[in-house]
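Structure assessment
If you want the building blocks of each chain, they are given just below.
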Amino acid sequence: MSDPDNILGELRTNIDKLDEELIELLKKRNALTSKVGEVKSTTGMPIYVPSREAEMIKARRAKAEGLGLSPDLVEDVLRRIIRESYKTQHANYLCVNPAVNKVVIIGGAGALGKVFVKLFTQSDYAVEIIEKDDWASADDIFAQASLVIVAVPIKLTTAVIAKLTSLPEHCILADITSVKDEPLQAMMKAHKGPVVGLHPMFGPDVPGMIKQVVVVCHGRHQPAYDWLLEQMRVWGAVLHESTSNEHDSAMAFIQVMRHFSTFVYGQHLKEEDPSLQSLLMFSSPIYRLELAMVGRLFAQEPVLYADIIFNKKEGLELLKRFHQRFGEALTLVELNDKQAFINQFEDTKRWFGDYAKQCLMDSKHLLLSADDSQLLRKTS
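This structure is a prediction, so every number in the text was calculated from the model and none was measured. Along each chain, residue indices are assigned from 1 in the same order as the chain's sequence is written. Per-residue local features of the predicted model are confined to residues with pLDDT of at least 70, and side-chain atom pairs are confined, for both listing and counting, to 80 or more; whole-chain, interface and lining totals are unaffected and use all residues. Excluded from the side-chain calculations are hydrogens and water; all other atoms, namely the structure's heavy atoms, are used.

1. Quick look at a negative patch on the surface
How we decide: Note on patches: the residues involved have over 30% relative accessible area and no salt bridge, like charges join within 9 Å, and the nonpolar side chains Val, Leu, Ile, Met, Phe, Trp and Tyr join within 5 Å. Each accessible area value is a Shrake-Rupley result obtained with a 1.4 Å probe; residue values ignore everything except the protein chains displayed when judging cover. We count a salt bridge whenever a side-chain nitrogen from Lys or Arg sits within 4 Å of a carboxyl oxygen from Asp or Glu. Two residue types count as positive, namely Lys and Arg, and two as negative, namely Asp and Glu; His and chain ends fall outside the count. Charge placement uses NZ in Lys and CZ in Arg. For Asp and Glu, CG and CD serve respectively. Strands here mean DSSP runs of E at least two residues long; helices mean DSSP runs of H or I at least four residues long; both are numbered from the N terminus. Classification of residues uses two cut-offs on accessible area relative to the type maximum, computed with a 1.4 Å probe and protein chains only: under 20% is buried, over 50% is exposed, and between them is partly exposed.
On the surface, Asp16, Asp19, Glu20, Glu21 and Glu24 cluster together to form a negatively charged patch. With respect to the element layout, Glu20 can be found in helix α1 (residues 3-43). For Glu20, a relative accessible area of 54% corresponds to the exposed category.

2. Focus on helix α4 (residues 111-122)
Quick note on the threshold: For a helix, the expected span equals 1.5 Å multiplied by the number of residues minus one. In this analysis, two residues are considered to be in contact whenever any of their non-hydrogen atoms come within 4.5 Å of each other.
Counted at 1.5 Å a residue, the expected span for α4 with its 12 residues is 16 Å, and the 17 Å between its end C-alpha atoms agrees. When we look at burial in α4, the residues that qualify are Gly113, Val115, Phe116, Val117, Leu119, Phe120 and Gln122. Of the surrounding secondary structure, the elements contacted by the buried residues of α4 are β1 (103-106), β2 (127-130), β3 (147-150), β5 (195-200) and α8 (222-234). Just downstream of α4, Asp124 is the residue with a positive phi angle, here 70 degrees.

3. Considerations on the pattern of salt bridges
In the structure shown here, the tally under the stated rule is 11 salt bridges. For Arg79, the salt bridge goes to Glu75, with nearest N and O atoms at 2.9 Å. With Arg79 and Glu75 both in helix α3 (residues 71-89) and 4 residues apart, this pair spans about one turn of that helix. Each of Glu53, Arg61, Asp72, Glu75, Arg79 and Lys211 takes part in one network of salt bridges that share partners.

4. With respect to the packing of aromatic side chains
Keep this limit in mind: Between rings of Phe, Tyr and Trp, where Trp is taken as its six-membered ring, a pair exists when centres lie within 6.5 Å; planes separated by under 30 degrees are stacked, by over 60 edge-to-face, and by other angles tilted. By definition here, charges over rings are those cases where NZ of Lys or CZ of Arg is within 6 Å of the ring centre and within 35 degrees of the ring normal.
On inspection of all chains with the given rule, the structure shows 9 aromatic pairs. Both rings, one in Phe352 and one in Tyr355, keep their centres 6.4 Å apart while their planes meet at 15 degrees; by these two values the pair is stacked. Aromatic rings pair up to connect Phe120, Tyr125, Trp227 and Trp235 into one cluster. Above the face of the Trp135 ring, Lys163 is positioned so that its terminal group lies 4.8 Å from the ring centre.

Okay, here's the thing in structure tokens:
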């Protein structure tokens, strides 16, 4: 074996030893974060404290820079470690309101309902679920409830809420649907006690609420359900208060338009029938990310997206305007009017402002991750 081969082998051996030491250090760090979680669960401190995380990242970046290491590398590694450490911290949570008799989740066997069942159970609340076959005994179950959460598909939400006219006076009624105005009005009509509309801005595949946004649309008697909001903060959620109309207006852009556009794009690919393997082979990282988001949509239940897209007339009108603008843009291509395209591009660029620059920076991290994943698939 030549000298370069010997040197390379020795260097690789040393790297392997350092990697093993890193793994041992990560194990020790996880043990410490588990103890942190125990302390937080007994004191009620939230799992996620943004200021603490920001200060830690800032300090570690400065340390890395002083040692001649890339601060970006250190931050990337730390954020991945921190994300994993949150998982070791939330085996149990403080019960903010031990006086709660029972939490009832209608649709608790569903995907998102299960997330709430797990979180309330981990916080030592008594939890019971009701599914469509349990309504014969629903009155007895509701009679002892301190909180009832409606976690059923959108198309069933208002019909289910209409049945909840005999809840205890002080029972909190909440829903976790992705539309808010109609369910909130239905709850206010059906129940005279505390009412609040919630929209967890995450899917059922998340391990918990850490760093997840939950939109809160106040209904009636907020002091009575303040403990519920605090409980979600303990779980690590970031709460954003909104009116139901403001929420639904934003969702038309965030959900209806994006899901519909993705649906049409995926359907177009199906009709054109290109080879997905070829598309991936010749794709840049950004296109692989875009294609992954299309594939993600079609990996899920169509009824969920149909309910969102077909739910309101406002969404239909928005889609019609989008269709019109798509046609106008296509006309520019047909007329070979590049200058008009550039002018519109510049106008839109000004509208996005500094946010576009921030997106360019943020997307670089996603692109690196996508590139790594693609290479791993090729070599596996």
